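# Commentary on secondary and tertiary structure
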Amino acid sequence: MPAEVSVRKPGPAWAEGLRRALPITLGYVPVGFAFGVLAVKNGIPAGLAVAMAVLMFSGSGQFVFASLWGGGAGILSTAAAVGIVNLRYLLMSAAESPWLSRLSRTKRFLLGLGLTDETFAVHITALQEGWPLNAATMYICNSTTHLSWVAGCTIGAFCGNLVNDVRPLGLDYAITAMFLALLVPQCSSRLHVLVAVFTGALSVALKANGMSQWNVAVATVLGATLGLVLSLRKERPAEGDAA
């Protein structure tokens, strides 16, 4: 269950939703543009690239799809790779469940459609800091970020032929920078820092040793497990003293 902390009083739902979405949209537009360019260069029709942005809404999954499509991979292997990359959303859903369980199934379903690494980070941070649960705020944030992603992908897909290489523009690093900006504020204790460093190092090590696609999912599960074990060990002495 989430820890009890002092409750803050945010502004109107729409204003708080837009506030949470703003830093994410600043990253989504350029990264979406980069995807649109990559998709078209790998032979994906512009209309299909935009449809993927609307229906899939998974940056990493879309990049994997575009790369495998361009490499001539089969449908089953492509679907499996995209599914593996997106396994982390199961962990994010589980982390949010103590709060979202109070909402109806319809509201949880609608919020689940907008679950990404970035929206998860801003929502879970707000909830952990004591902001009251507000489905409207979360939905406005998710919808705004989704629209910015679709806009970036659309511009890249239909205007990407004007750009030969996105790397000189720094767009290929935009998503990495965005992840780092979202990660740092959550490292509020030594345990968080330890889990973040361990998970990142393990993911890189697995990738360097030949693990393909599974490295992120495996490192995430092991990192979360390590965090849980250390957290439980830290709480046991306190419980013993209280007894």
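Residues numbered from 1 in each chain as written. Predicted model: local features only at pLDDT ≥ 70, side-chain atom pairs only at ≥ 80, totals over all residues. Heavy atoms only, no water.

### Thoughts on the packing of helix α6 (residues 105-113) against helix α8 (residues 135-159)
One can describe the packing of α6 onto α8 by two numbers: an axis separation of 9 Å at closest approach and a directional angle of 25°. With respect to α8, the axis of α6 lies roughly parallel. Where α6 crosses over α8, the two elements pack in a sense that is left-handed. Along the contact surface, α6 presents K107, L110 and L111, while α8 presents A135, M138, Y139 and N142. Counted by class, the contact of α6 with α8 contains five nonpolar, one polar and one charged residues. (Axes fitted to C-alpha atoms, helices over the stretch in contact; angles between N-to-C directions. Helix = DSSP H or I, 4+ residues; strand = E, 2+ residues; numbered from the N terminus. Parallel < 35°, antiparallel > 145°, perpendicular 65-115°, else oblique. Left-handed = near helix turned anticlockwise from the far one by under 90°. Contact = heavy atoms within 4.5 Å. Nonpolar A, V, L, I, M, F, W, Y, C, P; charged D, E, K, R; others polar.)

### Quick notes on the pattern of salt bridges
Summed over all chains, the structure comprises two salt bridges. For E16, the salt bridge is made with R19, and the minimal N-O distance between the two is 2.8 Å. Here E16 pairs with R19, and both are found in helix α1 (residues 13-41), just three residues apart, close to one helical turn. Among the salt bridges present, the one from E16 reaches R20, with a minimum N-O distance of 2.9 Å. Remark: R20 and E16 occur in helix α1; sequence separation between them is four residues, near one turn of the helix. Classification of E16 by relative accessible area gives buried; the value is 4%. One connected set of salt bridges, linked through shared partners, spans E16, R19 and R20. (Salt bridge = Lys/Arg side-chain N within 4 Å of Asp/Glu carboxyl O. Buried < 20%, exposed > 50% of the residue type's maximum accessible area, 1.4 Å probe, protein only.)

### Let's talk about helix α4 (residues 75-85)
Taken residue by residue, α4 has T78, A81, V82, I84 and V85 as its buried positions. The buried residues of α4 occupy an angular sector of 160° when projected down its axis, which confines them to one face. In this structure, α4 carries I75 and L76 as exposed residues pointing more than 90 degrees from its buried face. (Arc of directions from axis to C-beta.)

### Some details on a nonpolar patch on the surface
A contiguous nonpolar patch, built from F109, L110, L113 and Y139 and spanning about 410 Å² of accessible area, is present on the exposed surface. Broken down by element, the residue count for the nonpolar patch peaks at three residues, all from α6. Note that Y139 resides in helix α8. (Patch = residues over 30% accessible without salt bridge, like charges linked within 9 Å, V, L, I, M, F, W, Y side chains within 5 Å. Areas by Shrake-Rupley, 256 points an atom, 1.4 Å probe, with all protein chains shown as cover.)

### Remarks on the packing of aromatic side chains
Within this structure, the stated rule accounts for four aromatic pairs. Judged by centre distance (5.5 Å) and plane angle (70°), the ring pair of Y28 and W149 falls under edge-to-face. A residue pair is termed long-range when its members are at least 10 positions apart, and Y28 in helix α1 and W149 in helix α8 qualify at 121 residues. In this pair, the class of Y28 matches that of W149, namely buried. A centroid spacing of 5.6 Å and a plane angle of 80° characterise the contact between F35 and F63, whose relative ring orientation is edge-to-face. (Phe/Tyr/Trp six-rings, centres within 6.5 Å; stacked < 30°, edge-to-face > 60°.)

### Some points on unusual backbone geometry
For F57, which is not glycine, the phi dihedral falls at a positive 50°. Within the secondary structure, F57 is located in the loop between α2 (46-55) and α3 (59-70).

### Some thoughts on the side chain of T119
Inspection of the secondary structure assignment puts T119 in helix α7 (residues 117-128). Only 3.0 Å separates the side chain of T119 from the backbone oxygen of G114, close enough to count as a polar contact. With near-sequence residues (within four places) excluded, T119 lies in contact with I24, G114, N142 and T145. (Polar contact = N/O pair within 3.5 Å; in protein donor to acceptor, adjacent residues only side chain to side chain.)

### Side note on the nonpolar core
With 25 residues, the main nonpolar core has F35, I44, A49 and W149 as its most contacted residues. Of all elements in the fold, only α1, α2, α3, α4 and α8 reach the threshold of two or more residues within this core. Of all the elements, α1 adds the most residues to this core, at six residues. Ignoring sequence-local partners within four residues, the contact set of F35 consists of A49, M52, Q62, F63, A66 and C153. (Core = buried A, V, L, I, M, F, W, Y, C linked by side-chain atoms within 4.5 Å.)

Read these as layout, nothing more, since geometry by itself doesn't imply function.
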